[in-house]
Amino acid sequence: LRSVPTDVAYLRSVLPASTEDAFFDYLATLDASEVTVSAVPEGSVVFARVPFLQVKGPLLVVQLLETTLLCLVNYASLVATNAARFRLLAGPDMKLMEIGLRRAQGPDGALSASKYSYIGGFDCTSNVLAGKLYGIPVRGTIAHSFIMSFTSLEEVQPREVTPLEGGEPVDLPALAESWLQRVCELLQTPPEKVNQGELAAFVSYAITFPQLFQGLLDTYCVRRSGLPNFCAVALALHQLGYRAIGVRLDSGDLAQQSKEIRRVLRTCGAHFQVPWFETIPIAVSNDISEHSLEEFSREGSEIDMIGVGTNLVTCPLQPSLGCVYKLVEVNGSPCLKLTEDEEKMTIPGIKTIYRLYDAAGHPFMDLMALEEEPSPTAGQELAVRVLGHLGETSKVVPTTVEPLHRTYFRDGQVSEPLPTLLEVRSHAQASLSLLSPAHRRLHEPQPYPVAVTERLHRLLTELRQASQ
């Protein structure tokens, strides 16, 4: 945080003329050398009421940081959490692709969504710029507009593909047409129902990317056209030594269609003696939501990859995250925002946050203590007050005690190496996996308790009484 002369001049132009010159002189010397920032490591699971970022420094400077810090963490945390929910619903083996670029809140929101979806557990993104900037694996499929741009095989140029092991180039449109007759006969599909433009699009794509051929099956009719055309081109490529890498569905009953497609792929694989054919990955898209994933699980499916866009990057179930930035101590004196709503009341004083683990290795409580208090000890009984039940004391005995905060910025310098995006993603997935099933479930989860020490509770009580 350093001042720029043009910024100070702009502020002088918009602030009241009565603003003292000394204020602008102060802004001209502003820097962050006296600011210290501590935080939970990026990618950590954080619960409500637990301070995940602690900023110390001159009051004016730390207040100037408020809006910037909240902007940086609110949307990022929201999207990462949303992505983590999709990952929990999909299970560990399903491939998840973020495809939200077209629906995101502008280019900045799109890049943030790609980055934090990856942290939350998605495997790849369709956002090529995010791949370039952050190293996120990039994936995609052909578009409906590409398929619709063809009308016949005569439009395919060039026409030849060289076999994988070498040899004379082969006319792929002619080879695909011959395979199409055999596929239609096997599937009892009338050849005249197959869309020739779609076949031309598949062939053209296969000529350009013979090792990466994939099919989008629902531009016209999956059963009568998309699937026979794909199988014909994939079998033609197989004859030349290549393997198709997948198909995608973008409409209809995705779970049911995936089962029908898998049946056809198995039938073709067995009949034409191409064993790998039955394992061709099936990807789906089309406004996928958490409800969609629950239906896939309930109905059963043959889906291998899911592309999620709108319902991931726009977070419709909770469109904003209410992180706040509150003053808890000034000039060495703890302070308190008092309100009738206990959930909005701040917890005073500079605090150290501990995560308490049970014998099974699951976190069972986060504990806030004043900074000067001694650290709780594993195996030692603790007297605590749980937020929401401050009137009664609880006793807990943690098996492991973990301090949550680390200091990342001190004396104007980054004081600890920042993790790579892949390290943050791995940490996020590990943190989620440690949660007990009761806390991790998405429907009616068991509330995770956050508590304060008896000493912090006494301070809170004293400040509340002094304010009444």
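Everything numeric in this text was worked out from a predicted model, so none of it was measured.

Student: What am I meant to see in the UniProt feature "domain: Nicotinate phosphoribosyltransferase N-terminal" (unreviewed entry) in the protein here?
Tutor: When the UniProt feature table is mapped to this numbering, "domain: Nicotinate phosphoribosyltransferase N-terminal" (unreviewed entry) covers residues 5-74. Taken as a whole, residues 5-74 contains 47% helix and 11% strand, while its terminal C-alpha atoms sit 30 Å from one another.

Student: Could you clarify how one ought to interpret the domain arrangement of the protein in this entry?
Tutor: Interface size is often expressed as the accessible area that is lost when the parts come together. On domain assignment, one finds that the protein holds domain 1 (31-51 + 330-467) and domain 2 (81-314). A C-alpha centroid distance of 45 Å is found between domain 1 and domain 2. Domain 1 puts 11 residues into the contact, and the matching count from domain 2 is 16 residues. Both faces considered, domain 1 and domain 2 share a buried interface measuring about 1,100 Å² in area, 65% of it formed by carbon and sulfur atoms. It is Leu-421, Arg-425 and Leu-442 in domain 1 that bury the most area against domain 2; as a group they hold 58% of the surface buried on that side. For the pair domain 1 and domain 2, the interface holds one salt bridge. Salt-bridge contacts for Asp-123 lead to Arg-425; the nearest nitrogen and oxygen are separated by 3.7 Å. For the pair domain 1 and domain 2, the interface holds six residue pairs in polar contact (both at pLDDT 80 or more). Looking at the side of domain 1 that touches domain 2, the element that brings in the most residues is helix α14 (residues 421-434), giving seven residues. Its residues assigned to classes, the side of domain 1 that touches domain 2 shows six nonpolar, two polar and three charged.

Student: Mind showing me how you'd approach the environment of Leu-460 here?
Tutor: Assignment of secondary structure puts Leu-460 in helix α16 (residues 454-467). Between the C-alpha atoms of Leu-460 and Thr-189, which are 271 residues apart in sequence, the distance is 75 Å. With sequence-adjacent residues up to four places away left out, Leu-460 is seen in contact with Leu-336, Met-345, Thr-346, Ile-347, Pro-348 and Leu-390.

Student: How should the UniProt feature "domain: Nicotinate phosphoribosyltransferase C-terminal" (unreviewed entry) in the protein be read in this particular structure?
Tutor: In this numbering, the UniProt entry assigns the feature "domain: Nicotinate phosphoribosyltransferase C-terminal" (unreviewed entry) to residues 351-459. The span residues 351-459 shows a helical share of 22% and a strand share of 35%, and its end C-alpha atoms are spaced 12 Å apart.

Student: Please clarify how helix α12 (residues 290-299) should be interpreted in this entry.
Tutor: Each full turn of the α-helix corresponds to 3.6 residues, which orients residues three or four apart in the same direction. Within α12, burial applies to Glu-290, Ser-292, Leu-293 and Phe-296. Mapping the buried residues of α12 onto a view down its axis gives an arc of 160°, with all of them on the same face. Tucked inside the fold, the buried residues of α12 contact α4 (66-90), α11 (254-271), β9 (282-284) and β10 (305-308). Looking one or two residues past α12, Gly-300 carries a phi angle of roughly 80°, positive in sign.

Student: So what exactly am I meant to see when it comes to the pairing of strand β3 (residues 95-98) here?
Tutor: Two faces make up the sheet, and in a regular strand the side chains alternate between them. Two strands pair when backbone bridges link them, and β3 and β10 are joined in this way by four bridges, in the parallel orientation. For Leu-96, the partnering residue across the bridge sits in β10 and is Ile-306. The pairing of β3 with strand β4 (residues 124-125) spans two bridges and is classified as parallel. Bridge pairing in β4 places Met-97 opposite Cys-124. Regarding the hand of the β-α-β motif, the stretch spanning β3, helix α5 (residues 106-120) and β4 is right-handed.

Student: So what exactly am I meant to see when it comes to the sheet that holds β9 here?
Tutor: Where strands meet in a sheet, backbone hydrogen bonds hold them as pairs that are either parallel or antiparallel. Spatial ordering of the open sheet is given by β4-β3-β10-β9-β8-β7, a layout of six strands whose pairing is parallel. Two strands close off the open sheet at either side, each with one partner strand: β4 and β7 (214-216). Note that strand β8 (residues 246-249) and β9 share three bridges and pair parallel. Bridging across to β9, Val-247 finds its partner in Ile-282.

Student: Sorry, what's going on with the nonpolar core here?
Tutor: Within the largest apolar cluster, 84 residues are counted, with the highest numbers of intra-cluster contacts made by Leu-172, Phe-213, Phe-230, Phe-277 and Ile-306. Looking at which domains feed residues into this core, each of domain 1 (31-51 + 330-467) and domain 2 (81-314) gives three or more. Every residue in contact with Phe-230, bar those within four places of it in the chain, is listed here: Phe-202, Phe-213, Gln-214, Gly-215, Leu-217, Ala-244, Gly-246, Val-247, Leu-265 and Ile-280. Ranked by size, the runner-up nonpolar core spans 22 residues in total, among them Val-45, Met-345, Ile-347 and Leu-432.

Student: Can you help me understand the pattern of salt bridges in this one?
Tutor: Oppositely charged side chains can form a pair if their charged atoms are brought close together. For the structure shown, the criterion picks out 15 salt bridges. Ionic pairing is found between Glu-302 and Arg-262, a salt bridge with its closest N-O pair at 3.3 Å. Placement of the pair is Glu-302 in the loop between α12 and β10 and Arg-262 in helix α11, with a sequence separation of 40 residues. When its relative accessible area of 24% is taken as the criterion, Glu-302 is described as partly exposed. When its relative accessible area of 3% is taken as the criterion, Arg-262 is described as buried.

The rules behind these values
- Within each chain, residue numbers correspond to sequence positions counted from 1 in written order.
- Whole-chain, interface and lining totals are the exception, using all residues; otherwise, since this is a predicted model, local features are given only for residues with pLDDT of at least 70 and side-chain atom pairs are given and counted only at 80 or more.
- Derived side-chain values reflect all non-hydrogen atoms in the structure, with water molecules and hydrogen atoms excluded from consideration.
- UniProt positions are given in the numbering used here, feature names are shortened, and annotations may be inferred rather than shown by experiment.
- Runs of H or I in DSSP of at least four residues are treated as helices and runs of E of at least two as strands, each being numbered from the N terminus.
- Residue ranges labeled as domains rest on an automatic or database domain assignment.
- In this analysis, two residues are considered to be in contact whenever any of their non-hydrogen atoms come within 4.5 Å of each other.
- When two components associate, each loses some accessible surface as probed by a 1.4 Å sphere; the sum of these losses over both components is called the buried area.
- Throughout this description, the term salt bridge denotes a Lys or Arg side-chain nitrogen within 4 Å of a carboxyl oxygen of Asp or Glu.
- Two N or O atoms form a polar contact when they lie within 3.5 Å of each other; inside protein one atom must be a possible hydrogen donor and the other a possible acceptor, and for residues adjacent in sequence the pair counts only when both atoms belong to side chains.
- Ten residues, namely Ala, Val, Leu, Ile, Met, Phe, Trp, Tyr, Cys and Pro, are considered nonpolar, four, namely Asp, Glu, Lys and Arg, are considered charged, and the remaining ones, Gly among them, are considered polar.
- Residue burial is assigned from relative accessible area. The probe radius is 1.4 Å, only protein chains are included, and a residue is buried under 20% of its type maximum, exposed over 50%, and partly exposed in between.
- Note: the arc covers the axis-to-C-beta directions of the helix.
- Pairing between strands requires that DSSP locate at least two bridges from one strand to the other.
- If you view a crossover with the strands going away from you and the path from the first strand over the helix to the second runs clockwise, you call it right-handed.
- Only buried Ala, Val, Leu, Ile, Met, Phe, Trp, Tyr and Cys residues count toward a nonpolar core, and they belong to the same one when joined by side-chain atoms within 4.5 Å.

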